[in-house]
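Listed below are the residues making up each chain.
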Amino acid sequence: MQIFQHPDKSTWPALLQRPVMDTTALENSVGAILREIKQDGDKAVRKYALQFDKVQLNDLQVTESEFAHATATLEPALKQAILQAKHNIETFHRAQHEAGRIIETMPGVQCWRKSVAIEKVGLYIPGGSAPLFSTILMLGIPAMIAGCKEIVLCTPSNAAGAVHPAILFAARQVGIDRVFKIGGVQAIGAMAYGTETVPKVFKIFGPGNQYVTCAKQLINKDGVAIDMPAGPSEVAVLADDSCVPAFVAADLLSQAEHGPDSQVLLVTTSAAVISAVQAEVNTQLEQLPRRDIAAQALQHSRLVLVADMTTAMELLNAYAPEHLIIACKDDITLADGVVNAGSVFLGNYSPESAGDYASGTNHTLPTNGYARAYSGVSLDSFIKKITFQRLSLEGLQQIGPAIEAMAAAEGLDGHRNAVTIRIKH
């Protein structure tokens, strides 16, 4: 891990740089696959499942017997854990419902908003090195609460054509019945354009590798909405002398094990914290089954010593992390200074893992600095807000002169006449 001591502000952009890759070749290859899926449907899906996932898929859709087998074989402790997480995520996301209010902006002029669920949504759940069944809860639960009429889920199978039982159990608990054994770019293409088997959806959610991310960005250009731009996962930790170095090291490693392109950042006002955390990282790294992956991620991660908390918060807001952990004695006060972050974890006993799985907040969050402008997934992600207005004759008479004057000033006489003709009628 690289150490930076009191870096000059002019060096911050380079210091906070995410790993960058040239995506030109990637876009060309992914674009070709998407075009084939759009043209050939299920035939192309099966072709790429065989090529990339090494599986011959006869039936693309998961059957009822497969759901039943998953429920019967999944260990009870994991079932209970999934149900606990489901309860907390439901509780937090149900509270995000907004009650509609009619606002009278002036006498006779009423305006309001109505929340309407996106009718058809697609969820992508990776199932390669780690089957992310937790993401089904994070995406499926708010989709159900929002009232989406059609929810399609795609996830890759193993070489035998089976989907991980935890994925199927979680899908069933959420209420998702349409699960397809499709992974990678072909899954994104199938949901974006529709095939003989997979319905076309209006918005696609879910994480994935660089190929999936690229596919989502390309289908977005074709008019299919996506949850947000995404990149490798990341965490930033702000720590002072009150932190527990072993906890901080564990948080850094929990993120580094996601993938070799993940990034971790520690910002502190204490040189002693840097030394202690480094030692703990080295000790704990050796115990991780995914230590080779984590070690690669640590190579482009950073430990930064700054003079004071004001500087620390300024630097972290410039970084705009996906996850921000504040392991400081004044965590609540410091939290008020957070402007750019996907999700924030306060105190020594709030590991990022809590939000990843079961506290109730959503773990689908903006990466790569997009937290400057994007929110994480929430109930709102599955909803459109439609505005309404109703004017009485008296209301139009009162507001009409202002509309007529503004329309005339913009040279739009048709707009002005739409008001004038009503007032004179």
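So, here is what we can say about the structure in this document. Keep in mind that this is a model prediction, so the values were computed, not measured.

Some words on the side chain of His323
Line of reasoning, step 1. Its place among the elements puts His323 in strand β12 (residues 323-327).
Line of reasoning, step 2. For His323, the residues in contact, after removing those within four places along its chain, are Ser233, Glu234, Val235, Ala236, Gln255, Ser343, Phe345, Glu352, Asp356 and Leu365.

Notes on the nonpolar core
One broad trend across soluble globular proteins is that nonpolar side chains are buried collectively.
Line of reasoning, step 1. Core analysis: the largest hydrophobic core is formed by 40 residues, its most contacted members being Ile136, Ile176 and Phe382.
Line of reasoning, step 2. At the level of elements, α4 (64-73), α5 (76-94), β4 (120-124), α6 (133-146), β5 (150-154) and α7 (165-174) are the ones that each hand at least two residues to this core.
Line of reasoning, step 3. With 9 residues, the top contributor of residues to this core is α6.
Line of reasoning, step 4. If near-sequence neighbours (up to four positions away) are discounted, Phe382 is found in contact with Val116, Ala117, Ile118, Val121, Leu123, Leu139, Pro142, Ala143, Ala146, Cys148, Phe205 and Val377.

Concerning the packing of helix α10 (residues 245-256) against helix α11 (residues 271-285)
Line of reasoning, step 1. Where α10 meets α11, the axes come as close as 8 Å, and the angle between the chain directions of the two elements is 55°. By the angle between their directions, the pair α10 and α11 is classed as oblique. Note that α10 runs across α11; the crossing there is right-handed. For the pair α10 and α11, the contacting residues are Pro245, Ala246, Val248, Ala249, Ala250, Leu252 and Leu253 in the first and Ala276, Val277, Glu280, Val281, Gln284 and Leu285 in the second.
Line of reasoning, step 2. Here the contact of α10 with α11 is composed, by residue class, of 11 nonpolar, 1 polar and 1 charged.

Side note on the pattern of salt bridges
Line of reasoning, step 1. Inspection of the entire model under this criterion finds 14 salt bridges.
Line of reasoning, step 2. Here Glu66 and Lys181 are joined by a salt bridge, their closest N and O atoms 2.6 Å apart. Of this pair, Glu66 sits in helix α4 while Lys181 sits in the loop between β6 (178-180) and α8 (184-193), and the two are 115 residues apart along the sequence.
Line of reasoning, step 3. In this structure Glu66 comes out as partly exposed when scored by relative accessible area, which is 22%.
Line of reasoning, step 4. When its relative accessible area of 8% is taken as the criterion, Lys181 is described as buried.

Quick look at the sheet that holds strand β2 (residues 103-106)
Line of reasoning, step 1. A sheet is described by the order of its strands in space; here 3 strands give the open sequence β2-β3-β14, paired in antiparallel fashion. Only two strands of the sheet have a single partner each, and these edge strands are β2 and β14 (383-391). Across this sheet, the average inter-strand angle for adjacent strands is 30°, counted without regard to direction.
Line of reasoning, step 2. Sitting on the sheet, helix α16 (residues 393-409) touches β2, β3 (109-117) and β14, and the angle it makes with β14 is about 90°.

Concerning the sheet that holds β5
Each strand in a sheet pairs with its neighbour through backbone hydrogen bonds, running either in the same direction (parallel) or in the opposite one (antiparallel).
Line of reasoning, step 1. One open sheet holds the 5 strands; their spatial order is β6-β5-β4-β7-β8, and the pairing between them is parallel. Strand pairing shows two members of the sheet lacking a second neighbour, β6 and β8 (225-226), which therefore form its edges.
Line of reasoning, step 2. Bridge count between β5 and β6: 3 bridges; the pairing is parallel. Bridge assignment links Val152 to a residue of β6, and that residue is Arg178.

Structural notes on the side chain of Ser381
Line of reasoning, step 1. Relative to the assigned elements, Ser381 resides in the loop between α15 (352-357) and β14.
Line of reasoning, step 2. Assessed through its relative accessible area of 14%, Ser381 is described here as buried.
Line of reasoning, step 3. A polar contact is formed between the side chain of Ser381 and the backbone nitrogen of Ser378, at a distance of 3.0 Å.
Line of reasoning, step 4. Among residues more than four places away in sequence, those in contact with Ser381 are Ile118, Lys203, Phe205 and Gly376.

What counts, and at which threshold
- Residues numbered from 1 in each chain as written.
- Predicted model: local features only at pLDDT ≥ 70, side-chain atom pairs only at ≥ 80, totals over all residues.
- Heavy atoms only, no water.
- Helix = DSSP H or I, 4+ residues; strand = E, 2+ residues; numbered from the N terminus.
- Contact = heavy atoms within 4.5 Å.
- Core = buried A, V, L, I, M, F, W, Y, C linked by side-chain atoms within 4.5 Å.
- Buried < 20%, exposed > 50% of the residue type's maximum accessible area, 1.4 Å probe, protein only.
- Axes fitted to C-alpha atoms, helices over the stretch in contact; angles between N-to-C directions.
- Parallel < 35°, antiparallel > 145°, perpendicular 65-115°, else oblique.
- Left-handed = near helix turned anticlockwise from the far one by under 90°.
- Nonpolar A, V, L, I, M, F, W, Y, C, P; charged D, E, K, R; others polar.
- Salt bridge = Lys/Arg side-chain N within 4 Å of Asp/Glu carboxyl O.
- Pairing = 2+ DSSP bridges.
- Polar contact = N/O pair within 3.5 Å; in protein donor to acceptor, adjacent residues only side chain to side chain.

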